[in-house]
Amino acid sequence: MDEFSFRDGTLWCEQTPLREVAEKFGTPTYVYSASTLVDHYVRFAKAFESIDPLICFSAKALSNVHLLRLLGDQGAGIDTVSGGELHRALLAGVDPERIVLAGVGKSADELREAVRRDIRCINVESEEEVALLARIAREEGGRPRLAIRVNPDIAPDLRTPARTTTAVRGVKFGVDIERAAALFSRAAGDGFLRPEGIHVHIGSPIFDPQVYAMAIERVLALVADIEAAGNPVTTINLGGGFPAEYTEGSAPGWDEFADAICPRLEGFVHRGGQIIFEPGRTIAANAGVLLAAVRYRKQAGERELVVIDAGMTHIARAAMYDSYHFMWPVSPVNGAIPSSRDQESVDDLVAYDVVGPICESSDYLAKGRALPAMVAGDLVAIFTAGAYGMTMTSNYNSQLRPAEVLIQGADVKLVRRRETYDDLVALEFPDDTPPSLPS
Ligand code: LLP
């Protein structure tokens, strides 16, 4: 599954004890396993090799330039959703031929940059965006390749949170599928645009492979309509949404998704069509943990609380979506090691509410979670934090964003330093260096 495991009573990432990472860099710190990230990418690609897709890792899940470079070096492309992510992908040395740009509200400047760089594909989401892109293409003398992002009106099952469902009627994403053929034709009639594909992203995470099958059926019907009007479609981008195991065994494997997806696309691929995927979570989530430390224990009514130094500003998913993240002390008392990440199969556990330092009642990482007894200073690892962890941090309460550390075997590299108070206020003094406090 990944390279985080307990040995000799303590948690390791590859050949590095996390205790040492905390000693050296402090907490809270995101710790990534390079081998796990690469292994997940390689195995995902292998599962789908029969349709030879372009796999554009979704930078919104994990956008550190060093990690994007690591994936880019393996041949991955990058799925971006803003000028900022495009900048990161280019800085990471990823070939523009392997970069796609999506987003429901791209600015003119973001579109212009994508046109200038001649990236692989711009996924457009409205008629007005196509018109703006055409104008920019004319001004720039470019001929951008584009895909129409469609809303196929597919509801995934209830395991996908409503807040991350993106393809049911009336949501803001994409163009209603019945309007897509006309928009494609209109774009094809503009000498400055090169419409080449259809893009669809149903939601995140999607647990049922059949949901992809349904989306493919609808997209292939649309492709047939577009081609009947005389315009070839050469790309189908199926987006991301593949799940990660937040608890062991909770998600189907990549082969199960490939079994539902590949046979339906082989015809399209055999006649020269290119498939694109945009996986984020499934590659990155279990390649990272957030390393935190206990600050206090306290009682509140009948409840036992541990206050840790990571809250919703350092990892937002629990407060935002009620998401489950397995967590465990890095060096548990009495060597209390869990046998897996879904059952707290150890005696003498305490039901803790695990909370952060932020002034919000929703700042809980877990409620009534059975954990080994902890005291102030103990380190805790919050698992499956590699996706939508660091990318969703904020400076609310003037908290400093965590450091990020990349581990490869016994090699430990700081890939983002912890923010400082100077960083916090730097932009508030645009013409000056920020003043320092008298000591
Ligand atoms: N492509 C598009 C167009 C997307 O909107 C997304 C995610 C992806 C690809 C990547 O999806 P993935 O493979 O990672 O599931 N913050 C939420 C997740 C929001 C996902 C938004 N779009 C969370 O923490 O669960």
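What counts as what
- Along every chain, residues carry numbers that run from 1 in the direction the sequence is written.
- Local features in this predicted model are restricted to residues whose pLDDT is 70 or higher, and side-chain atom pairs enter the listing and the counts only when it is 80 or higher, whereas totals over whole chains, interfaces and linings include all residues.
- Pairs of strands are assigned from DSSP output, requiring at least two bridges between the strands.
- Here a strand is any run of E in DSSP of at least two residues, a helix any run of H or I of at least four, and the numbering for each starts at the N terminus.
- UniProt positions are given in the numbering used here, feature names are shortened, and annotations may be inferred rather than shown by experiment.
- Two residues qualify as being in contact provided that their C-beta atoms, derived from the backbone, are within 7 Å of each other.
- Each residue gets a C-beta atom placed from its backbone. If that atom is within 6 Å of a molecule or strand, the residue is near it.
- Domain extents, as shown, originate in an automatic or database domain assignment.
- The term nonpolar core refers to a group of buried residues, namely Ala, Val, Leu, Ile, Met, Phe, Trp, Tyr and Cys, whose C-beta atoms join them within 7 Å.
- Note on burial: count the other C-beta atoms lying within 10 Å of the residue's C-beta; 20 or more is buried, 12 or fewer is exposed, in between is partly exposed, and C-beta positions come from the backbone.

Help me out: how do you make sense of the sheet that holds strand S3 (residues 16-17) in this one?
Backbone-to-backbone hydrogen bonds pair the strands of a sheet. The strands run either parallel or antiparallel. Strand order in the open sheet formed by 3 strands is S1-S2-S3, with antiparallel pairing between adjacent strands. The sheet terminates laterally at strand S1 (4-7) and S3, the two strands that pair on one side only. Here 2 bridges tie strand S2 (residues 10-13) to S3, and the two strands are oriented antiparallel to one another. Paired with Cys 13 across the strands is Thr 16, a residue of S3.

Where do I start with the UniProt feature "modified residue: N6-(pyridoxal phosphate)lysine" (unreviewed entry) in the protein chain in this structure?
Using the residue numbers shown here, the UniProt feature "modified residue: N6-(pyridoxal phosphate)lysine" (unreviewed entry) corresponds to Lys 60. Within the fold, Lys 60 resides in the loop between strand S5 (54-58) and helix H3 (65-73). When residues no more than four places from it in sequence are discounted, the contact partners of Lys 60 are Val 81, Glu 85, Gly 280 and Thr 391.

Please explain the site of the ligand as it appears in this structure.
Lining the immediate surroundings of the ligand are 23 residues, of which Ser 204, Gly 240, Gly 280, Arg 281 and Tyr 388 lie closest. Contributing elements (two or more residues each) for the shell around the ligand: helix H10 (281-284) and helix H11 (317-321). In terms of domain composition, the shell around the ligand takes at least three residues from each of domain 1 (4-31 + 287-428) and domain 2 (33-284).

Sorry if this is basic, but what is going on with the nonpolar core here?
Nonpolar side chains in soluble globular proteins tend to end up buried together. Ile 198, Ala 381 and Ile 382 are the most contacted members of the largest nonpolar core, which totals 128 residues. Take this core: its biggest share by element is 8 residues, from helix H8 (residues 209-228). Of the domains in this structure, domain 1 (4-31 + 287-428) and domain 2 (33-284) are the two that each give at least three residues to this core. Ignoring sequence-local partners within four residues, the contact set of Ile 382 consists of Val 289, Leu 290, Ala 292, Ala 310, Ile 315, His 325, Met 327 and Leu 365.

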